[in-house]
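Remarks on the overall topology
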Amino acid sequence: MTIPSLYFHIPFCRSKCSYCSFYSIAPQNHSQIANLIKTELLELDRRLKGYSDGYVPSVYIGGGSPSTIKNELPKLARSLKKQLSCRNIELTGCEFTVEVNPGDIDQVFITELANEGVNRISIGVQSFDDNELKLLGRRHSSSDVYKAVELCRKVGLDNISLDLIFGLPDQTLAGWEANLAKALELAPCHMSIYSLMWEEGTAFTLARAAGKLTEASDELDREMYYLAIDKLAAAGIMQYEISNFARIGYESRHNIRYWDDDDYIGIGPAAGSHVADARWNNIADIDSYITSINSGNYACEEIVQDTQEDTITLAAVLALRRIEGIDIAKFNGQFGVSPLVYFAQAIEKNTTLGLIKSDRNQIKLTRKGLSFADTVSQDFV
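What comes next is a walk through the structure. Computed from a predicted model, the values in this text were never measured in an experiment. Position numbers for residues count from 1 along each chain, tracking the sequence in the order it is written. The predicted nature of this model means local features are confined to residues of pLDDT at least 70 and side-chain atom pairs, given and counted, to a pLDDT of 80 or more, with totals for whole chains, interfaces and linings taken over all residues. No hydrogens and no water enter the side-chain calculation; it runs on all heavy atoms of the structure.

Criterion for a salt bridge: a side-chain nitrogen of Lys or Arg within 4 Å of a carboxyl oxygen of Asp or Glu. For the structure on display, the rule yields 16 salt bridges. Note that Glu 177 is salt-bridged to Lys 231, the shortest N-O span being 3.0 Å. Linking Glu 177 in helix α6 (residues 173-185) with Lys 231 in helix α8 (residues 218-234), this pair joins segments that are 54 residues apart in sequence. Taking the relative accessible area as the measure of exposure, Lys 231 reaches 34% and is therefore partly exposed. One connected set of salt bridges, linked through shared partners, spans Arg 78, Lys 81 and Glu 116. In DSSP terms, a helix is any run of H or I states spanning at least four residues, a strand is any run of E spanning at least two, and both are numbered starting from the N terminus. Summary of the burial criterion: residues with accessible area below 20% of their type's maximum are buried, those above 50% are exposed, and those between are partly exposed, where the area comes from a 1.4 Å probe applied to protein chains only.

This part covers unusual backbone geometry. Note: most residues except glycine have negative phi, and most peptide bonds are trans. In this structure, Asp 170 takes a positive phi of about 70 degrees despite not being glycine. With respect to the helices, strands and loops of the structure, Asp 170 is situated in the loop between β7 (160-166) and α6. Of note, the phi angle at Ala 270 is positive, near 70 degrees, even though the residue is not glycine. In this fold, Ala 270 is placed in the loop between β11 (264-267) and β12 (272-275).

Mapped onto the elements, Gly 93 comes out in the loop between β4 (89-90) and β5 (95-100). The spatial distance from the C-alpha of Gly 93 to the C-alpha of Arg 257 is 15 Å, given a sequence separation of 164 residues.

Judged by pairing direction, the sheet is antiparallel, and its 3 strands sit side by side in the order β15-β17-β16 without closing on themselves. Edge positions in the sheet fall to β15 (326-327) and β16 (356-358), since each has one partner strand and no second. Think of it this way: DSSP has to see at least two bridges between two strands before they count as a pair. With 3 bridges joining them, β16 and strand β17 (residues 362-365) adopt antiparallel strand pairing. Bridging from a neighbouring strand, Lys 357 pairs with Lys 364 of β17.

Attention now goes to helix α16 (residues 373-380). For α16, the full list of buried residues reads Ala 373, Val 376, Ser 377 and Phe 380. Seen along its axis, α16 keeps its buried residues to an arc of 100 degrees; they face one direction. Facing away from the buried side of α16 by more than 90 degrees, the exposed set consists of Asp 374 and Gln 378. It is the directions from the helix axis to the C-beta atoms whose arc is reported.

Time to look at the environment of Ser 243. Following the sequence through the fold, Ser 243 ends up in the loop between β9 (238-241) and β10 (244-246). On the accessibility criterion, Ser 243 (12% relative accessible area) is buried. Residues Ser 243 and Ala 209, 34 residues apart in the sequence, show an inter-C-alpha distance of 28 Å. Filtering out sequence-adjacent residues up to four positions away, Ser 243 remains in contact with Met 191, Ser 192, Ile 193, Tyr 194 and Arg 321. In what follows, residue pairs with any heavy atoms lying within 4.5 Å of each other are defined as contacts.

Turning next to the pairing of β17. Along β17, the buried face is formed by Ile 363 and Leu 365; none of Gln 362 and Lys 364, which line the opposite face, is buried. Looking at chain direction, β15 and β17 are connected through 2 bridges and run antiparallel. Directly across from Asp 327, in β17, lies its bridge partner Gln 362. Between β16 and β17, which pair antiparallel one after the other, the connecting turn spans 3 residues.

Further remarks concern the pairing of β7. Of all 7 residues making up β7, 7 are buried, and the element is well covered by its neighbours. Taking every second residue as pointing to the same face, both faces of β7 are buried, with Ile 160, Leu 162, Leu 164 and Phe 166 on one and Ser 161, Asp 163 and Ile 165 on the other. Across 4 bridges, strand β6 (residues 120-126) lies against β7 in parallel orientation. Looking across to β7, one finds that Gln 126 is bridged to Leu 164.

Printed below as a string of structure tokens:
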């Protein structure tokens, strides 16, 4: 039996990021941290009822910066293994990822993670320019990134992913190219690159409104994106999803399960889940989440049951995020309908705009279409 992938959401981050309204929850005290981890394990135990004698394809511990509470993470991994073992559920062959802030990694912490079965590390670099890191409100420096990668490899954790952000205020194309070059010097197995999102209510958007920051133009933003695609490909790190790139064999198995619309169970505040035709999100407030779970309840908000139309549409939209796009034969076999027919209007419109190309085998975004993926997806919806 294949058990759904598991995602543990740890919504803590010491940094007061200027650009993101979500990553602003700092751990209050050791008691709150320990209580949250204990509660997440209780929720996991409840969610796993009915599952046994199988294996978990992937585990992902993410959120703000889970390594902010690094003393608790090895304990979480250890307890997770124990819970699964009691149900005869295997982690052998599982992709086990932990997100970390570069400044949190030390020899003891990374060794403990490796000893507990973690085999993939996602490092939130964001930039190799210390001035840009300061602007972003990050508490690590570029030198911390080099030290973090060195420590990971020292304990045999070679499957390393680096996250970068482009389109920062006053960032030039040359500056972005320098960031890419420094990332490639570290020879990562995987990279995720994201365009800066201007969220309402953040320090960035307030500064922009006051004329203190200037948003990158759409043209520059796209130029940076295309530059990344080409530079990473030249280094053997190929694009397999809109924002994700990997060396062959190092694509994120956990995230691919999302894009394939496979089952996954999210544990913790604000974590989302998808099992069979049901989808739900847990409540976001940490204290409310803890109270709900410890009262014997589930902490999820409204459970949504997918209709057949929902399932077909979401499968197409998620598949379009991947560079290979929609496999027409697979889609037809799964749903009994050709996507060429079902989405004929959206395909015709976006083909005319040069955003989609299709043949008898697949439907996928063009290079230009990658920059307009949300607009194309909306047409499919």
